[in-house]
Amino acid sequence: MRNMTVAVAGLGAIGLELARRLDAGADGLRLVAVSARDKAKAEAALAGFRAPPPLRPLAALAEADIVVEAMPAAAFDAVAEPAVAAGRIFVPASVGALLARPGLIEAARASGARILVPTGALLGLDAVRAAAEGPVESVTLETRKPPAGLAGAPYLREHGLGLEGLTAPTRIFAGNALEAARGFPANVNVAAALALAGIGPERTRVEIWADPTSTRNTHTIRVEAEAARFSMTIEGVPSVANPRTGRLTPLSILAALRGLVATLKVGS
């Protein structure tokens, strides 16, 4: 198999770490372009790369075989639409944005593009996806984060909720995955990924807790299905660069990219 070329949109906590690992060497994958809002900062970050990729406009990233989106959700369309129109493999980190854009999936079907949703900071999507091949009664996600990992979310602003001074775990949201993705676009992409793997955003239930006693981003999935009943918990270490995301997320994206070119792929 030939090398597949990769372009990364965004050089924040997720995109920069992914770009570094691709630059260090990943069989079958070649980093050929990146894009970032702050050109000077991006050039400084890329200076230590073995083969620094060129900085390109967002639309030009669609020249690569694989386009990875790792930017604020507001920039999602500028990355996604050219990649899908060009028939590329599009890998979104802002999975929540995908829930509000069902037309993007239709556009990918028309152009021959593929949309690959990585597991991200979650776990067990193979099991959820398998269970969803049969009847599923319920899927729930409970997310607990340190208050700093939730600060600035639109839902908090809209409801006048402050997280300063919390001394005990406090539930700040309960609803479905679509509502969670709208209210916490930078915080719970895991909810969107779970919904897409399982029974959809309207039936997937989500609770979000601000927990000042925790130093980790904790996600617990509970599934009641005809084929199995299971629960899974992961405690992710927050990124130093951005506590809203976890250190596992860029590694999950890299693992997904490796699966595209691997001779042996483990897991469904």
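It should be emphasised that the depicted structure is a prediction, and the values quoted were computed from it without experimental measurement.

Undergrad: Help me understand the overall build of the protein in this model?
TA: From N to C terminus, the protein includes 10 helices and 10 strands. Computed over its C-alpha atoms, the radius of gyration of the protein comes to 18 Å, within 12% of the 18 Å expected for a compact globule of 268 residues. Principal-axis analysis of the C-alpha atoms places the extent of the protein at approximately 45 × 45 × 30 Å. Accessible surface for the protein amounts to roughly 12700 Å². Of this, 51% is attributable to carbon and sulfur atoms.

Undergrad: Explain the packing of aromatic side chains here, please?
TA: Each aromatic ring pair is described using two quantities: the centre-to-centre distance and the angle formed by the ring planes. Under the definition given, this model contains four aromatic pairs. Their ring planes at 70° and their centres at 5.7 Å tell us that Phe-173 and Phe-184 sit as a pair that is edge-to-face. In this pair, Phe-173 is assigned in strand E7 (residues 170-176) and Phe-184 in the loop between helix H8 (177-183) and helix H9 (189-197), connecting sequence segments 11 residues apart. Among the residues examined, Phe-184 registers a relative accessible area of 0% and is labelled buried. One aromatic cluster is present, built from ring pairs that chain together Tyr-155, Phe-173 and Phe-184. Arg-144 extends its terminal NZ or CZ atom over the ring of Trp-209, reaching a point 4.2 Å from the ring centre.

Undergrad: What should I look at first to understand the sheet that holds strand E10 (residues 229-236) in this one?
TA: The strands making up a sheet associate through hydrogen bonds between their backbones, and the pairing can be parallel or antiparallel. Judged by pairing direction, the sheet is mixed, and its five strands sit side by side in the order E7-E8-E6-E9-E10 without closing on themselves. Strands with a single pairing partner mark the edges of an open sheet, and in this sheet they are E7 and E10. Taken pair by pair, the neighbouring strands of this sheet meet at an average axis angle of 10°, ignoring direction. In the packing of H9 onto the sheet, contacts are made with strand E6 (136-145), strand E8 (205-210) and strand E9 (217-225), and the angle to E6 comes to roughly 165°.

Undergrad: Hey, could you run me through the side chain of Ser-214 in this one?
TA: Its place among the elements puts Ser-214 in the loop between E8 and E9. There is a polar contact of 2.9 Å between the side chain of Ser-214 and the backbone oxygen of Arg-216.

Undergrad: Explain H9 to me, please; I cannot follow it from the model alone.
TA: Every α-helical turn comprises 3.6 residues, leaving residues that sit three or four positions apart pointing alike. Of all nine residues in H9, eight are buried; the element is thus mostly enclosed. Of the positions making up H9, those classed as buried are Asn-189, Val-190, Ala-191, Ala-192, Ala-193, Leu-194, Ala-195 and Ala-197. The secondary structure elements touched by the buried residues of H9 are helix H4 (95-99), helix H6 (125-131), E6, H8, E8 and E9.

Undergrad: In this structure, what is going on with the packing of helix H1 (residues 15-24) against helix H10 (residues 248-261)? I would like to understand it.
TA: Two packed helices can be described by the angle between their axes and the distance between those axes. With their axes 8 Å apart at the nearest point, H1 and H10 run at an angle of 45° to one another. On the basis of their axis angle, the class for H1 and H10 is oblique. Pair H1 / H10 crosses with right-handed handedness. Contacts between H1 and H10 involve Glu-17, Leu-18, Arg-21 and Leu-22 on the former and, on the latter, Pro-250, Leu-251, Ile-253, Leu-254 and Leu-257. Here the contact of H1 with H10 is built from residues that sort into seven nonpolar, no polar and two charged.

Thresholds applied
Residues numbered from 1 in each chain as written. Predicted model: local features only at pLDDT ≥ 70, side-chain atom pairs only at ≥ 80, totals over all residues. Heavy atoms only, no water. Helix = DSSP H or I, 4+ residues; strand = E, 2+ residues; numbered from the N terminus. Rg over C-alpha atoms; globule rule 2.2 N^0.38 Å. Areas by Shrake-Rupley, 256 points an atom, 1.4 Å probe, with all protein chains shown as cover. Phe/Tyr/Trp six-rings, centres within 6.5 Å; stacked < 30°, edge-to-face > 60°. Buried < 20%, exposed > 50% of the residue type's maximum accessible area, 1.4 Å probe, protein only. Lys NZ or Arg CZ within 6 Å of the ring centre and 35° of its normal. Pairing = 2+ DSSP bridges. Axes fitted to C-alpha atoms, helices over the stretch in contact; angles between N-to-C directions. Contact = heavy atoms within 4.5 Å. Polar contact = N/O pair within 3.5 Å; in protein donor to acceptor, adjacent residues only side chain to side chain. Parallel < 35°, antiparallel > 145°, perpendicular 65-115°, else oblique. Left-handed = near helix turned anticlockwise from the far one by under 90°. Nonpolar A, V, L, I, M, F, W, Y, C, P; charged D, E, K, R; others polar.

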